[in-house]
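# Architecture at a glance
Residue-level listing of the chains:
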Amino acid sequence: MAKVLTRGILYLFLIIVAATCLIPFYSMIITSTHTNSDIARKLLLLPGDQFVDNYNRLKDTVNIWRGFGNTLFITVISTLINVYFAALAGYGFSKYDFKYRGVLFLVVLGTMMIPGQLGIIGFFKLVNSLNMLNTYWPLILPSIHNAFGIFLMRQFADSSVPTEIIESGRMDGYGELQIFNRIVLPIMAPALATLGIFAFIGKWNDFLTPMIVLFDNNLQTLPVMIASLKSQFTSDFGAQYVGIVISVVPVLVFFSFMSKRIIDGVAAGAVKG
């Protein structure tokens, strides 16, 4: 009886936690179906009938699907670059013994303590000197370095990538990059999926950098376009919430897909252990 009661309390707690996490998404979707006046004055619990009107105003004000495509392109390329080079650097710090390795790794970790906003002026000047303003290069190239990703990948490589496998690859005549690409990367799949989620969400929601380096409206990303619906004197809340709904869906889909890879990898590791 005590075991059943404990399990019931645990399930109830999990249901409450899940509901707490889902309430903001429910509220966002419900709000996108109401008029601006209702959004400003009422507590909205039930869906309305204004979603199509709000979407039409959004589409007439900004080229929302162009922004969606721009953001998707930047985010996918940046995430792939971010994950690959973080894994490569983390693997190098973990499995290669070279001079000043510990010091260099501490320097990498030290960069995590510096807020990115502090360097935004220098970043703008650098991008301007390289004639990269109003292009996607300033949004994609910085993804090559990621201190948190390097730290995560080194920790995972230390615990889950056996040195014996690397030595076996060398004995079979594989080059160092071949060993990394064919042997190490598949083993690091759970960590890659974890970092991929963080990198994807971070780049998808990036607002400051696109706003600073992109001037052409046709090149702008989704967060900047949605923010442009709010002017100094008026805000189209309905259109904004529709834009937010559109921007959230890819993140949820990507998270669902990658979280399955994390679970599968952890389960496989548990079976092997």
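Residues numbered from 1 in each chain as written. Predicted model: local features only at pLDDT ≥ 70, side-chain atom pairs only at ≥ 80, totals over all residues. Heavy atoms only, no water.

Attention shifts here to the overall build of the chain. Of regular secondary structure, the chain possesses 14 helices and zero strands. Starting at the N terminus, the α and β elements of the chain follow one another as α-α-α-α-α-α-α-α-α-α-α-α-α-α. Along the three orthogonal principal directions, the C-alpha set of the chain runs to about 70 × 70 × 30 Å. The buried share of the chain, taken over its 273 residues, is 36%. Here the contacts in the chain between residues at least 6 apart in sequence split such that 73% fall between residues at least 24 apart. Here the chain displays about 16,500 Å² of accessible surface, and carbon together with sulfur accounts for 69% of that area. One way to put it: in the chain the 19 positive side-chain charges average out to a point 4 Å from where the 14 negative ones average out. (Helix = DSSP H or I, 4+ residues; strand = E, 2+ residues; numbered from the N terminus. Buried < 20%, exposed > 50% of the residue type's maximum accessible area, 1.4 Å probe, protein only. Contact = heavy atoms within 4.5 Å. Areas by Shrake-Rupley, 256 points an atom, 1.4 Å probe, with all protein chains shown as cover. Lys, Arg positive; Asp, Glu negative; His and termini not counted. Charge placed at Lys NZ, Arg CZ, Asp CG, Glu CD.)

In the structure shown here, the tally under the stated rule is five salt bridges. Notably, a salt bridge pairs Arg154 with Asp158, separated by 3.7 Å at the nearest N-O pair. Here Arg154 pairs with Asp158, and both are found in helix H8 (residues 147-160), just four residues apart, close to one helical turn. A residue is classified by how much of its surface remains accessible, and Arg154, at 17% relative accessible area, is buried. If you follow the salt bridges from partner to partner, you end up with Glu167, Arg170 and Glu176 in one network. (Salt bridge = Lys/Arg side-chain N within 4 Å of Asp/Glu carboxyl O.)

Within the secondary structure, Thr209 sits in helix H12 (residues 208-213). In this structure Thr209 comes out as buried when scored by relative accessible area, which is 16%. Those residues in contact with Thr209 that sit more than four places away from it in its chain are Phe123, Pro138 and Leu139.

With that settled, the discussion passes to the side chain of Thr75. Assignment of secondary structure puts Thr75 in helix H4 (residues 64-95). Judged by its relative accessible area of 0%, Thr75 is buried. If we skip the residues at most four places from it in the chain, Thr75 touches Phe200, Lys203 and Trp204.

Let us now look at the packing of aromatic side chains. In total, this model carries 13 aromatic pairs according to the counting rule given. For the pair Tyr84 and Phe85, a centre-to-centre distance of 5.5 Å together with 85° between the ring planes defines the contact as edge-to-face. Look at Phe200 and Phe254: their rings are 4.0 Å apart centre to centre, the planes differ by 15°, and that puts the pair in the stacked class. Note that Phe200 is positioned in helix H11 (residues 189-204) and Phe254 in helix H14 (residues 237-272), a separation of 54 residues in sequence. Both residues of the pair, Phe200 and Phe254, belong to the buried class. (Phe/Tyr/Trp six-rings, centres within 6.5 Å; stacked < 30°, edge-to-face > 60°.)

So, on to the UniProt feature "transmembrane region" (unreviewed entry) in the chain. The positions that UniProt labels "transmembrane region" (unreviewed entry) are, in the present scheme, residues 9-29, 72-91, 103-124, 136-153, 179-201 and 238-257. Helix makes up 96% of residues 179-201 and strand 0%, with an end-to-end C-alpha separation of 30 Å. (UniProt positions renumbered as here; feature names shortened; annotations may be inferred.)

This part is about helix H1 (residues 2-31). Look at H1: 43 Å from first C-alpha to last across 30 residues, which is about the 44 Å you get at 1.5 Å a residue. Taking the largest bend as the criterion, H1 deviates by roughly 35°, centred on Leu22, and proline Pro24 comes between one and four positions later. By the burial criterion, the buried members of H1 are Met28, Ile30 and Thr31. (Expected span 1.5 Å × (residues − 1). Bend = angle between axes of the 7 residues up to and from the residue.)

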